[in-house]
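Residue-level listing of the chains:
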Amino acid sequence: MKKLSALAFIFVFVFSSAQISEFQRADSRYDRKKTALYKKYPKPNDLRTKKEWLLTEDKITSYKNALDQLSAEDKKIIALDPPTKGKVTKEAEYEKGKRAFHQLLHEAADLDFLNFASDSYKATMSFVVDSKGNALDAQVKGNNEDVNAFIEAAFYRIKDKGKWKPAENNGKPVSSTVSIPLTLTFKK
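Here goes a summary of the coordinates provided.

Conventions used here
Each chain carries its own residue numbering, running from 1 in the direction its sequence is written. For this predicted model, a pLDDT threshold of at least 70 governs which residues receive local features, and a threshold of 80 or more governs which side-chain atom pairs are given and counted, while totals over whole chains, interfaces and linings are taken from all residues. To get the side-chain values, take all heavy atoms of the structure and skip hydrogens and water. For the exposure calls, accessible area comes from a 1.4 Å probe over protein chains only, and a residue counts as buried if that area is under 20% of its type's maximum, exposed if over 50%, partly exposed in between. Per the convention used, a helix needs a DSSP run of H or I reaching at least four residues, while a strand needs a run of E reaching at least two, with both numbered from the N terminus. Here the arc refers to the set of directions running from the helix axis out to each C-beta atom. Should any heavy atoms of two residues lie within 4.5 Å, those residues are counted as being in contact. Think of it this way: a Phe, Tyr or Trp ring, Trp meaning its six-membered ring, pairs with another when their centres are within 6.5 Å, and the plane angle makes it stacked under 30 degrees, edge-to-face over 60, tilted otherwise. Look at NZ for Lys and CZ for Arg. If either is within 6 Å of the ring centre and within 35 degrees of the ring normal, a charge sits over the ring.

Our focus in this paragraph is helix H3 (residues 98-108). Within H3 the residues assigned to the buried category are Phe101, Leu104, Leu105 and Ala108. Angular distribution of buried residues about the axis of H3 spans 95°; they occupy a single face of the element. With respect to the buried face of H3, the exposed residues turned more than 90 degrees away are Arg99 and Glu107. Tucked inside the fold, the buried residues of H3 contact strand E1 (93-94), strand E2 (120-129), helix H4 (145-158), strand E4 (164-165) and strand E7 (176-185).

Any pair of aromatic rings gets described here by the distance separating the centres and the angle formed by the planes. Applying the stated criterion across every chain, the model contains nine aromatic pairs. Judged by centre distance (5.9 Å) and plane angle (40°), the ring pair of Phe101 and Phe127 falls under tilted. Of the two residues, Phe101 sits in helix H3 while Phe127 sits in strand E2, which places them 26 residues apart along the sequence. Grouping residues by exposure puts Phe101 and Phe127 together as buried. Ring plane angle 70° and centroid distance 5.3 Å describe the contact between Phe101 and Trp164, whose orientation is recorded as edge-to-face. Placement of the pair is Phe101 in helix H3 and Trp164 in strand E4, with a sequence separation of 63 residues. Trp164 matches Phe101 in its accessibility class, with the two residues each being buried. We note Arg48 situated over the ring of Tyr38; from NZ or CZ to the ring centre the distance is 3.8 Å.

Interpretation in functional terms is not warranted from these geometric data alone.
Okay, here's the thing in structure tokens:
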């Protein structure tokens, strides 16, 4: 069982790195095409706006596809170490504290290109921290599924920038679900 778990972890680590580079490829493709579009149409007009929206849609679709694959792989690991259903004696915690986690997430969430209508966005992120402290399968619930997808992508971008201490039940590390309310602000 331990060998299978270790093998699954290695596979997911390699796969996760590939998916993060998938986010980077989508970003690069978007930036390259947007630059070309702005060279072709230096002044704002309806055609440029329409084409820019199509580029944004393509970027969103690329992100969602990568997130679907990451989630499927994370669910395989979670199946080997499912979250505790009842109360735990000690909640999972980010080693650098909640504020540091929020800051990293906020910095990694590239939302400015969406031209969101509001100054801030409220959502709830939940994910599993397994008994080894690995953060898995982020799910964001908010009013806009596109914004949610980019927040989930930010989670995967920062996933290896700090360690989680797993929850404990009577002194023993256990897998648990973590739920965090978020408020992200947009630059205007």
